[in-house]
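# Summary of the model geometry
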Amino acid sequence: MENRDGWIWMDGHWTPWRDAKVHAMTHTLHYGLGCFEGIRAYATPTGPAIFRLDEHIERLFDSAKILGLDMPYDAPTLRQACIDAIGRNKLESGYIRPLVFLGAEKAGVDPVGTEVHVMIAAWAWGAYLGADSMDKGIRVKVASFARHHVNVQMCRAKSVSTYTNSILACREARLEGYDEALLLDTDGFVAEGPGENVFVVKRGKLYEPEITSALDGITRRTIHALAADAGLEITARRITRDELYVADEVFFTGTAAEVTPVVEVDRRRVGTGRPGPITQDLQRRFFATVRGEDTGHADWLTPC
Ligand code: PMP
């Protein structure tokens, strides 16, 4: 990733991509306190537009607050830098990554005395789980690693250190030949994917886990609205692992993963083993919305 053309916003300055470096003593590199966002911009008939930018900026500030990071920039500044990151990097569509991290001013766990830094990068990024994942669906393994307890990792924050747990689960699943993992919470109920929320369809109704140890996903909120448009009800409740095995449909949502059908869990076929009709309908509504083809939620799009 480091050897490419482009511009990265580093503490208020547009820096050539190859020069956007930090020191080896960077506190976040050693101890993991930091937070970030993943945001997508899509090509629309009127040019590139960022999807639900304000919600992502709000979640970034919420994450910083939860983690006790004093943001050195205000929301309008970071919002504008995200918009400019698309134009500066000449992207028609792409992924935007703001990251808030602590600097290299001192060693030791206590962060007092370190400075808070912000970087924003943007680059072109296709389907997160592979080109076929959207049409054919993915195979998922329930991880042997539990998702964080709500009072261990602050789960409302999209924090850097959450992703150690995500990586353990994801790597385990991939090494065993699956496309992605699914994590249960510490009580054994379905939580989320390593970087995705999860939905279940049974007898025409939609279910999702209560947001406890899972991230409050913005794509998940989008699905709430698109399901309402489609006249579908969603119930949030505890979901067991074996409910996934006998579900009619399962799908993942996320900024990177978008709306990805899950067609197999732990070597059990979900429904027919192909993306189901409700998943496909919501997926179609999602892409029509983010690409500005369906203007029913045009206020979710920020032109770049
Ligand atoms: N859960 C986790 C752990 C994630 O990393 C993500 C991706 N940000 C999500 C859920 C989905 O969130 P969103 O739809 O806001 O991208």
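Everything discussed here concerns the structure shown above.
Residues numbered from 1 in each chain as written. Predicted model: local features only at pLDDT ≥ 70, side-chain atom pairs only at ≥ 80, totals over all residues.

### Some points on the overall build of the protein chain
Test applied: Secondary structure elements follow DSSP: runs of H or I of four or more residues count as helices, runs of E of two or more count as strands, with numbering from the N terminus. Note that the radius of gyration is over C-alpha atoms, with the globule rule given as 2.2 Å times the number of residues to the power 0.38. With C-beta atoms placed from the backbone, a residue counts as buried when 20 or more other C-beta atoms lie within 10 Å of its own, as exposed when 12 or fewer do, and as partly exposed for counts between those limits. Placing a C-beta atom from the backbone of each residue, one calls two residues in contact when those atoms lie within 7 Å.
Along the backbone of the protein chain there are eight helices and 17 strands. Taken against the 2.2 N^0.38 rule, which gives 19 Å for 304 residues, the C-alpha radius of gyration of the protein chain at 19 Å falls within 12% of a compact globule. C-alpha atoms of the protein chain, sized along the principal axes, occupy 55 × 45 × 30 Å. Buried positions account for 44% of the 304 residues belonging to the protein chain. Contacts in the protein chain between residues at least 24 apart in sequence constitute 69% of all its contacts with a sequence separation of at least 6.

### Considerations on the nonpolar core
Worth spelling out the cut-off: Core membership is restricted to buried Ala, Val, Leu, Ile, Met, Phe, Trp, Tyr and Cys residues, and these are joined into a nonpolar core through C-beta atoms within 7 Å.
Ala181, Leu182, Val200, Val250 and Val262 are the most contacted members of the largest nonpolar core, which has 39 residues in total. Not counting the four nearest positions on each side in its chain, valine 200 is found in contact with Tyr207, Ile239, Glu243, Leu244, Ala247 and Val250. In this structure, Leu33, Ile50, Leu102 and Ala121 belong to the second largest nonpolar core, which totals 36 residues.

### A look at the packing of helix α2 (residues 53-67) against helix α3 (residues 75-88)
This is how it is decided: Only the stretch in contact is used when fitting a helix axis, every axis being a line fitted to C-alpha atoms; angles between N-to-C directions are given from 0 to 180 degrees. Under this scheme an angle from 65 to 115 degrees is roughly perpendicular, one under 35 degrees roughly parallel, and one over 145 degrees roughly antiparallel; angles in between are oblique. Handedness of a crossing is defined here by the sense of rotation of the near helix relative to the far one, left-handed for an anticlockwise turn of less than a right angle and right-handed for a clockwise turn. Three classes are used, and their members are as follows: Ala, Val, Leu, Ile, Met, Phe, Trp, Tyr, Cys and Pro are nonpolar, Asp, Glu, Lys and Arg are charged, and the others, Gly among them, are polar.
The N-to-C vectors of α2 and α3 enclose an angle of 130°; their axes lie 10 Å apart at closest approach. As summarised for this structure, α2 and α3 are arranged oblique, according to the angle between their axes. You can see that α2 and α3 cross each other, and the crossing is right-handed. Contacts between α2 and α3 involve Leu53, Ile57 and Phe61 on the former and, on the latter, Ala75, Leu78, Arg79 and Cys82. Partitioning the contact of α2 with α3 into residue classes produces six nonpolar, no polar and one charged.

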